[in-house]
Every structure is written in C-alpha cells, then in structure tokens.
Amino acid sequence: MKLSRRKIQRMVVALVWMGCGIGLFFFLIAAVKKRDDKVCKGLNVEVMSPGKQPFADKNDIRGMIRYMNIEVEGAPMLDIDLRKIEEELEKNPWIRNAELFFDNNEVLQVRITERKPIARVFTRSGKTFYVDDQLVRLPLSNRFSAAVPVFTGCPLDRARWNAEDSTVLLQVKAISEFISADAFWAAQVAQIDHASKNRFEIIPMVGDHRIILGDTNRLEEKFFKLFVFYKEVLARTGWNRYRIIDVRFKEQVVATKNETNRS
C-alpha cells in the first residue's frame, strides 16, 4: 500500500516529537541525578530590618538554625527541608518572613524580614511589650530599645486579644503613626495614657500640662489646633500656664489654668 506524501510528513513529525520527548525525559533524569549528588556549600544570611537596629544579626539566625539540630553545610541539598526551616524561623515573633533558597553556587541563602515595632505598650497590670504595624504583640528585646511612642494604662492584658482590644490597638496604631511621622510631635510627646474608653491623654516632654486628645477622630485637626495653641498662646504665656489642654471639640481648644497661675 502506497503512503501519501501528507501521511509520510505526519509520521516524520510524530517521530521527531517522540524523539524530543525521549531526549527531554533522559535530560530530566540526568538533571535530577546530578542534583542528587549536590551538597550545600555554604550558608549566607541577610537580615532586613525596617529600623536602624535589627532584632537579630546573622549569627543569631545561624544559631537558630543550629538549635533546630539542622546541619546544612556539607549536607545533600535534597535532604534539607527548606520549608520546615522557614516555618521554624517564623515562629520567632520578631521574624515577619523567612525565605530560603539555594543559589547557583549551591549556597543556602537565608533572607529574614523583621517586624516593625510602632508602639510600646504598658498595660493596666504593668505588663509591657511592643506592637508592630500589623498589631502583633512583640516581646521586649535584650538587644535594643525601639524609639517608638509609649502608651500607658492600656486594657490589653488578655493573652488573646478580642474585638474590644482590637479597637484600642487600632487607635494606638493611628496615634503612634501620626506622632512618629512628625519630628516635632515625636520629640514633644513623652507618653500617651489610655485614660478611659476612647479617651487618650498626652503627657508632653515640655510643659506642666496634660493634653486631652480623646479618640482618633479628626486626629490631624486636633494636632494642628494644639500646635497653633502652642505657637500663639503658650509661647506668650509660658509652658506651665495651663494644666489641661482639651482638643476634643471641633474648631476650638479648651484650656484650664494651673491653680498657681490664675492671675
């Protein structure tokens, strides 16, 4: 039986594709076998910290990996469970993300991204910790003290925060981020006290007065009014003239004089 030209062409194409498939199969087998023979030639750690002072340095991260009883250098690459190491590292509350991979030189690259503390909190019972920009509780560090706004009297003693706690934390975050973004307020605000529900009071570095901020509604407006009051009133009368400066009310500042400065 005579084959047509078109059928012959199809058979040739099919044979070519079959040959390519067989070649690719053996290439993958060889690549896997070659990878099986590779061992980790080194460990490189990079710590990316959002602040000036990192929580952990490279030696700390290496120590964490050794504490897991995992020896990576000299070990077969396929025997190293990268995901397991990532998960163990991320159990540390200060580590936001851990990424591990082998580079082209068979060196294990460890990329650590740390959490960013935005406030230090003192609870009503006296406990203290940091919170980060994702409202995660962070323990104090022996390595450094973060230069962030300090909040006192916070009702955040529960081991697991509930919806009410989240409301407080969102307000802490809003106030903290506003203060930290402004050089004047970052220098002037000594601490922020959670006096009662939805009422925060500021204790300044300069001046014998308390500032009743209230909640976080119209936060920018409140700090603007306070700045104007500082500039136009306290600059003339003195920083200790008033004991209470209330900026909760729209378009006004209510100030109460010190008893010793009523004249």
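Residues numbered from 1 in each chain as written. Predicted model: local features only at pLDDT ≥ 70, side-chain atom pairs only at ≥ 80, totals over all residues. Heavy atoms only, no water.

So what about the packing of aromatic side chains? Which residues, and what values?
Centre distance and the angle of the planes are the two values used to describe a pair of aromatic rings. Per the counting criterion, the structure on display carries 13 aromatic pairs. Judged by centre distance (4.8 Å) and plane angle (25°), the ring pair of F178 and F223 falls under stacked. Highlighted residues: F178 in helix α4 (residues 163-180) and F223 in helix α6 (residues 219-237), separated in sequence by 45 residues. F178 sits in the partly exposed class, given a relative accessible area of 25%. When its relative accessible area of 1% is taken as the criterion, F223 is described as buried. (Phe/Tyr/Trp six-rings, centres within 6.5 Å; stacked < 30°, edge-to-face > 60°. Helix = DSSP H or I, 4+ residues; strand = E, 2+ residues; numbered from the N terminus. Buried < 20%, exposed > 50% of the residue type's maximum accessible area, 1.4 Å probe, protein only.)

How would you explain the sheet that holds strand β2 (residues 95-102) if you had to name every residue and give the values?
Pairing in this open sheet of 3 strands is mixed, and the strands run β1-β3-β2 from one edge to the other. The strands lining the two open edges of the sheet, one partner per strand, are β1 (42-48) and β2. Strand-to-strand twist of the sheet, defined as the mean angle between neighbouring strand axes without regard to direction, takes the value 15°. As paired elements, β1 and strand β3 (residues 107-114) share 7 bridges and run parallel to each other. Bridge pairing in β3 places M48 opposite T113. Against the sheet, helix α2 (residues 58-67) contacts β1, β2 and β3, and its axis sits at roughly 125° relative to β1. In the packing of helix α3 (residues 82-89) onto the sheet, contacts are made with β2 and β3, and the angle to β2 comes to roughly 160°. (Pairing = 2+ DSSP bridges. Axes fitted to C-alpha atoms, helices over the stretch in contact; angles between N-to-C directions. Contact = heavy atoms within 4.5 Å.)

Give a description of the pairing of strand β11 (residues 242-246) that names residues and reports values.
Where burial is concerned, most of β11 is hidden: 4 out of the 5 residues are buried. Sheet analysis places strand β10 (residues 210-214) next to β11, joined by 3 bridges and oriented parallel. Paired with R210 across the bridge in β11 is I244.

Talk me through unusual backbone geometry; I want residue IDs and the actual numbers.
A positive phi angle, near 60°, is found at N69, a position not held by glycine. Along the chain, N69 turns up in the loop between α2 and α3. If you check the backbone angles, L135 has positive phi at about 65° while not being a glycine. By the secondary structure assignment, L135 is in the loop between β5 (128-132) and β6 (137-138).

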